[in-house]
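This is what each chain is made of:
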Amino acid sequence: MAKLQTACIKCGLSLESLLYCFSCKTIQSFTSEDNYFELIGLSIDFEIDDNELEEKYHKLSFVLHPDFFESAPESEKKISEKASSILNTSYNILCDHNSRASYLLKVFSQNAKLDNRSLPDGFLKEMFFLQESLDELLESDNKSELLIMKEDLMERHKIIIANFTKLFKNLKEISNQSFILQDIQTNLNAERYLSRLLERIN
């Protein structure tokens, strides 16, 4: 899905970001309902260029920072504060694989009924076993075994991220999206279990 091309409210030229026109240096009208990808100026897709995200974020942060609007009318100050805030929110969501996947799922599944507790077959039983093993390792302070478990969990985590990439690609190509949306939700649920275990090790 390509990013939305919208004209500037002041000069009418195409926008690089829905938040700001770099041609006439004008903050744009926006709402909290606007898509985070389009607010920053990215295509709506799970696979994004991290360097491009960083570049666009810092470029917008500079021009939208409230410090540059100290002498501006109060209305402009408030707009810059809101724009800076939603920019930070957008960036924090999009720079993390899991929060990006979760956000995209909400974007694509507005009318879908998903099972928010579903997990891959056999996953829960395996997690209970790993939880018990982790309890024992933490109690014994066995650092070498903890490191081995951490590496294993991180590898599992990478597999889930790879699944997200594949599933979101399929989402564009298949007309019946309900099964894929549920698979994405299931992977998100599994990722949360893994993240909790990794947090305990860390």
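Cut-offs used in this document
- Counting starts from 1 at the beginning of each chain's written sequence and moves along it residue by residue.
- For a predicted model such as this one, the threshold for reporting local features is a pLDDT of at least 70, and the threshold for listing and counting side-chain atom pairs is 80 or more; totals across whole chains, interfaces and linings nevertheless cover every residue.
- Side-chain measures were taken over the full set of non-hydrogen atoms in the model, leaving aside hydrogen atoms and water.
- Secondary structure elements follow DSSP: runs of H or I of four or more residues count as helices, runs of E of two or more count as strands, with numbering from the N terminus.
- The classification of residues rests on relative accessible area computed with a 1.4 Å probe and restricted to protein chains. Under 20% of the type maximum is buried, over 50% is exposed, and intermediate values are partly exposed.
- Contacts are assigned to residue pairs that have any heavy atoms within 4.5 Å of one another.
- Convention adopted: a line fitted to C-alpha atoms gives each axis, helices being fitted over their contacting stretch, and angles between N-to-C directions are expressed from 0 to 180 degrees.
- An angle below 35 degrees is treated as roughly parallel, one above 145 as roughly antiparallel, one from 65 to 115 as roughly perpendicular, and anything else as oblique.
- Each crossing is labelled by how the near helix is turned from the far one, with a counterclockwise turn of less than a right angle marking it left-handed and a clockwise turn marking it right-handed.
- Polar here means any residue outside two lists: the nonpolar Ala, Val, Leu, Ile, Met, Phe, Trp, Tyr, Cys and Pro, and the charged Asp, Glu, Lys and Arg; Gly therefore counts as polar.
- Ring pairs are drawn from Phe, Tyr and Trp, using the six-membered ring of Trp, whenever the two centres fall within 6.5 Å, and their geometry is named by plane angle: stacked under 30 degrees, edge-to-face over 60, tilted for the rest.
- Only lysine NZ and arginine CZ atoms are considered, and such an atom sits over a ring when it is within 6 Å of the ring centre and within 35 degrees of the ring normal.
- By convention in these notes, a salt bridge is any Lys or Arg side-chain nitrogen within 4 Å of a carboxyl oxygen on Asp or Glu.
- Buried Ala, Val, Leu, Ile, Met, Phe, Trp, Tyr and Cys residues form a nonpolar core when they are joined through side-chain atoms within 4.5 Å.
- One less than the number of residues in a helix, times 1.5 Å, gives the span that helix is expected to have.
- Between N or O atoms, a polar contact is any pair within 3.5 Å; within protein, one atom must be a potential hydrogen donor and the other a potential acceptor, and residues adjacent in sequence are included only when both atoms are from side chains.

Undergrad: Would you mind going over the environment of Asn 189 with me for this structure?
TA: Assignment of secondary structure puts Asn 189 in helix H7 (residues 178-201). Taking relative accessible area as the criterion, Asn 189 reaches 6% and is therefore assigned buried. As a C-alpha pair, Asn 189 and Asp 115 span 74 residues in sequence and 10.0 Å in three-dimensional space. If near-sequence neighbours (up to four positions away) are discounted, Asn 189 is found in contact with Asp 115, Asn 116, Arg 117, Ser 118 and Leu 119.

Undergrad: Explain the packing of helix H6 (residues 143-173) against H7 here, please?
TA: Helix packing for two helices is described by the angle between their axes and how far apart those axes are. Orientation of H6 relative to H7, taken along the N-to-C sense of each, is 160°, at an axis distance of 10 Å. The orientation of H6 relative to H7 falls into the category roughly antiparallel. Along this stretch, H6 crosses H7, giving a crossing that reads as left-handed. In the contact of H6 with H7, the residues fall into 18 nonpolar, five polar and four charged.

Undergrad: Can you walk me through the environment of Thr 186 in this structure?
TA: Mapped onto the elements of the fold, Thr 186 is located in helix H7. Note on Thr 186: relative accessible area 11%, which makes it buried. Sequence-wise, Thr 186 and Arg 117 are 69 residues apart; in three dimensions their C-alpha atoms are separated by 7.4 Å. Excluding its chain neighbours within four sequence positions, the residues that come into contact with Thr 186 are Ser 118, Leu 119 and Pro 120.

Undergrad: What am I meant to see in the packing of aromatic side chains here?
TA: Centre distance and the angle of the planes are the two values used to describe a pair of aromatic rings. Taken as a whole, this structure holds eight aromatic pairs when the rule is applied. Between Tyr 36 and Tyr 103 the ring centres are 4.5 Å apart and the planes differ by 15°, which places this aromatic pair in the stacked class. One end of the pair, Tyr 36, is in helix H1 (residues 36-40); the other, Tyr 103, is in helix H4 (residues 97-108), and 67 residues separate them in sequence. Tyr 103 shares its class with Tyr 36; the two are buried. Here a set of aromatic residues connected by ring pairs shows up, and it is made of Tyr 36, Phe 37 and Tyr 103. Seen from the ring of Phe 22, Lys 59 lies directly overhead, with NZ or CZ sitting 4.4 Å from the centre. For the cation-ring pair, Arg 196 lies above Tyr 193, with the distance from its terminal atom to the ring centre recorded as 4.9 Å.

Undergrad: So what exactly am I meant to see when it comes to the pattern of salt bridges here?
TA: If the charged atoms of two oppositely charged side chains come close together, the side chains can form a pair. Under the criterion given, the structure shown has nine salt bridges. In this structure, Lys 56 and Glu 16 form a salt bridge, with 3.7 Å as the shortest nitrogen-oxygen distance. Separated by 40 residues along the polypeptide, Lys 56 in helix H2 (residues 50-64) and Glu 16 in the segment before strand E1 (20-21) bring together distant segments of the chain. What makes Glu 16 partly exposed here is its relative accessible area of 30%. By sharing partners, the salt bridges in this structure join Glu 16, Lys 56 and Lys 59 into a single network.

Undergrad: Would you mind going over the nonpolar core with me for this structure?
TA: Formed by 52 residues in total, the largest nonpolar core has its most connected members in Leu 64, Leu 94, Phe 164 and Ile 184. Excluding residues that lie within four positions of it along the chain, Leu 94 makes contacts with Tyr 36, Phe 37, Ile 40, Leu 42, Ile 48, Leu 53, Arg 100 and Tyr 103.

Undergrad: I tried to follow H2 on my own but got confused; where do I start?
TA: An α-helical turn contains 3.6 residues, so any two residues separated by three or four positions project in the same direction. In this model, H2 (15 residues) spans 21 Å end to end at C-alpha, consistent with the 21 Å of a helix rising 1.5 Å per residue. The elements touched by buried residues of H2 are E1, strand E2 (26-27), H1 and helix H3 (74-94). Where H2 begins, the capping side chain belongs to Asp 49, and its oxygen is found 2.8 Å from the backbone nitrogen of Asn 51.

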